[in-house]
Amino acid sequence: MSDKIFIFDTTLRDGEQVPGCQLDTNEKVIIAKELELLGVDVIEAGFPISSPGDYKSVMEISKAVNDPIICALSRAVEKDIEVAAESLKYAKRKRIHTGIGASDAHIKYKFNSTREQIIERAVAAVKFAKKYVEDVEFYAEDAGRADTVYLAQMVEAVIAAGATVVNIPDTTGYCLPWDYGQKIKYLMENVSNVHKAILSCHCHNDLGMATANTIAGIANGARQVEVTMNGIGERAGNTSLEEVAMIIKTHQTLNAHCNIDSKRLNQLSSMVSTMMNMPVQPNKAIVGANAFAHSSGIHQDGVIKHRENYEVIAPEDVGVDQSSIILTARSGKAALRYHLDRLDYKLEKAQLEEVYQRFLIMADANKDIGDDDLIMMMDGKLNNNNIEIGDVQVVSGKPLKPVATVELMINGERVTASASGSGSINAALSAIDNIVGEQMSLDRFNVDSLVHGTREAGKVSLRVLYNDKLYFGIGEDDDIVMASVQAYVNAINKMKFETKKEVMGMAS
Ligand code: KIV
Ligand code: ZN
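This structure is a prediction, so every number in the text was calculated from the model and none was measured.

A.B. asks: Lay out the coordination of the zinc ion (ligand 2) in plain terms, naming residues and giving numbers.
C.D. replies: Distances from the zinc ion (ligand 2) to its protein donors, Asp14 (OD), His202 (NE2) and His204 (NE2), fall within 2.1 Å. Donor residues for the zinc ion (ligand 2) sit on one chain with the sequence pattern D-x187-H-x1-H. Per residue, the accessibility class of histidine 202 equals that of histidine 204, and both read buried.

Below is the structure:
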């Protein structure tokens, strides 16, 4: 049986320290509940002495969460520890996280103290915290730059004082992976009572090595990792939870497992990013928008033939629907055919060749090509539109229901109908339904706003379900109702049925 790695999430403490990322208590409770569903073992809910808001958040999270241990941070200061203990009073399982600097730089310049005095303070803090809770974690701040032999003395002393977990933070993100790994190995081999506690990795990403260092820690005996969603945290951030969880899952040679339900990662990443106002970089491992997107022709061809040619994890494993084949000027015919097939455009080899040349011209002029661009490209060439849009008028305003009158030219013949609706768009589309008279339903409707110089426009893309088939349509206009009418008619033009030509009456 492989070893369990305890996942200690500090999104709501170290992550939330980032300027501009602050959350209110309600938001923190929402995220904490999601972390519980994700399967984290410990939630570091805040630093209660730091502000009344943090105190309240730790208390509310303690009430709302059942399974994970709730942890509160403190300095090695009695008042901090007392307040942390108080804030945890409703926690079903609680931990106080206390600690002090371990590097000579911290000892001298932060505390103006000596190595011996610092160990005394560390021991006293752990003993004081033990009066309130059984589970006490000690952090040896800046352990990454601390003298390893001194660090071992400190670790031994705090374990003897009752620490259940000892955190070895690379606070400044300084360590190389093999050095950090060696530090953990040294502690595992030289601290006589190390078996009475768990060593924990807490790595920062200043040199982009947080995840590598954390994994080196696991490989050398650490059994807890301190991580944040999306790797958020001060400066360059903390080790990212999703990366560590997926490395553990992917590399059996680590002989380790964790409790994370990886299928929830993508959704929680978006939630944290939105709530904290902190966009995820598109090339971020696991949860970035491009993490499963392939755009070069060679890779696309390889992925279409066999996904694992270019992916080491399956997108569904982290809650992403599927890999995406992005169409750009670097894409090949395999990718273009893949998308055209999906949109139900079946082309012969020669047709594909011709369409591919037009695609390349369009792709050179655009960053990437979406479904709507393909539809535009294909319909311009392949479809004879038998319905065109004439006049469209909408009368709206409270308390009246909006009423739309739409005129369509069907094979050159003018047909008009009116309808009311819950909104202007709904009324206009209902008027078109009255003309067409077929059983169609809107399956998807999306509006994007576009800015062309000083002009703003709306781009509508929609999908209509008719006879068990989906038809895509797009429209673009300064007026959102017009853009919707265009998109709807664009979709209808692809359906194979005779449109009604008689003028319809008013319907609601
Ligand atoms: O980075 C660090 O050293 C910390 C400690 C307070 C645990 O965040
Ligand atoms: Zn930290």
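A.B. asks: Would you mind going over the packing of aromatic side chains in detail, with residue names and values included?
C.D. replies: Counting across every chain of the model gives three aromatic pairs. Measuring from centroid to centroid gives 5.5 Å for phenylalanine 128 and tyrosine 132, while their planes differ by 70°, and the two rings are edge-to-face. The class for phenylalanine 128 is buried, based on a relative accessible area of 9%. An angle of 50° between the planes, with centres 6.5 Å apart, marks the rings of tyrosine 466 and tyrosine 471 as tilted. We note that tyrosine 466, like tyrosine 471, is buried. Between the NZ or CZ atom of lysine 63 and the centre of the ring of tyrosine 90, over which it lies, the distance is 4.9 Å.

A.B. asks: Outline unusual backbone geometry, supporting the account with residue identities and numerical values.
C.D. replies: Unlike most non-glycine residues, asparagine 112 shows phi in positive territory, near 45°. Tracing the chain through its elements places asparagine 112 in the loop between α4 (104-110) and α5 (115-130). Taking the relative accessible area as the measure of exposure, asparagine 112 reaches 69% and is therefore exposed. Positioned with a positive phi, aspartate 142 is a non-glycine residue whose angle comes to about 60°. By the secondary structure assignment, aspartate 142 is in the loop between β6 (135-141) and α6 (148-160).

A.B. asks: A description of the pairing of strand β15 (residues 413-420) should follow, citing residues and the corresponding values.
C.D. replies: Where strand β14 (residues 403-410) lies against β15, eight bridges are found, and the strand directions are antiparallel. The partner of alanine 404 across the bridge, within β15, is alanine 419. Once β14 ends, the chain turns through two residues before running back antiparallel as β15, passing asparagine 411 with a positive phi of about 45°.

A.B. asks: Give me helix α15 (residues 424-436): which residues, what numbers.
C.D. replies: For α15, with 13 residues, the first-to-last C-alpha span of 19 Å sits near the 18 Å given by 1.5 Å per residue. Buried within α15 are the following residues: Ala427, Ala428, Leu429, Ala431, Ile432, Asn434, Ile435 and Val436. Just downstream of α15, glycine 437 is the residue with a positive phi angle, here 65°.

A.B. asks: Account for helix α8 (residues 210-219), with residues named and values stated.
C.D. replies: Of all 10 residues making up α8, eight are buried, and the element is well covered by its neighbours. Regarding α8, the residues found buried are Ala210, Thr211, Asn213, Thr214, Ile215, Ala216, Gly217 and Ile218. Close packing links the buried residues of α8 with β7 (165-170), α7 (177-190), β8 (198-203), β9 (224-227) and α9 (241-250). Count one or two residues on from α8 and you reach glycine 221, which has phi positive near 120°.

A.B. asks: Could you give an account of the sheet that holds β15, naming the residues involved and the relevant values?
C.D. replies: Sheet strands associate in pairs through backbone hydrogen bonding, adopting either a parallel or an antiparallel arrangement. On the basis of which strands lie adjacent, the open sheet formed by three strands has the order β13-β14-β15 and antiparallel pairing. Each edge of the sheet is formed by a strand with only one pairing partner; in this case those strands are β13 (387-395) and β15. Averaged over all pairs of adjacent strands, the angle between strand axes in this sheet comes to 15°, irrespective of strand direction. By the bridge criterion, seven bridges tie β13 to β14 in an arrangement that is antiparallel. The residue of β14 that forms the bridge with glutamine 393 is threonine 405. Running over the sheet, α15 touches β13, β14 and β15 and is turned about 135° from β15. Packed onto the sheet, helix α16 (residues 480-492) meets β13 and β14 and runs at close to 145° relative to β13.

Criteria and thresholds
Residues numbered from 1 in each chain as written. Chains lettered and ligands numbered in written order. Predicted model: local features only at pLDDT ≥ 70, side-chain atom pairs only at ≥ 80, totals over all residues. Heavy atoms only, no water. Donors = N, O, S within 2.8 Å, 3.2 Å for Na, K, Ca; no water. Buried < 20%, exposed > 50% of the residue type's maximum accessible area, 1.4 Å probe, protein only. Phe/Tyr/Trp six-rings, centres within 6.5 Å; stacked < 30°, edge-to-face > 60°. Lys NZ or Arg CZ within 6 Å of the ring centre and 35° of its normal. Helix = DSSP H or I, 4+ residues; strand = E, 2+ residues; numbered from the N terminus. Pairing = 2+ DSSP bridges. Expected span 1.5 Å × (residues − 1). Contact = heavy atoms within 4.5 Å. Axes fitted to C-alpha atoms, helices over the stretch in contact; angles between N-to-C directions.

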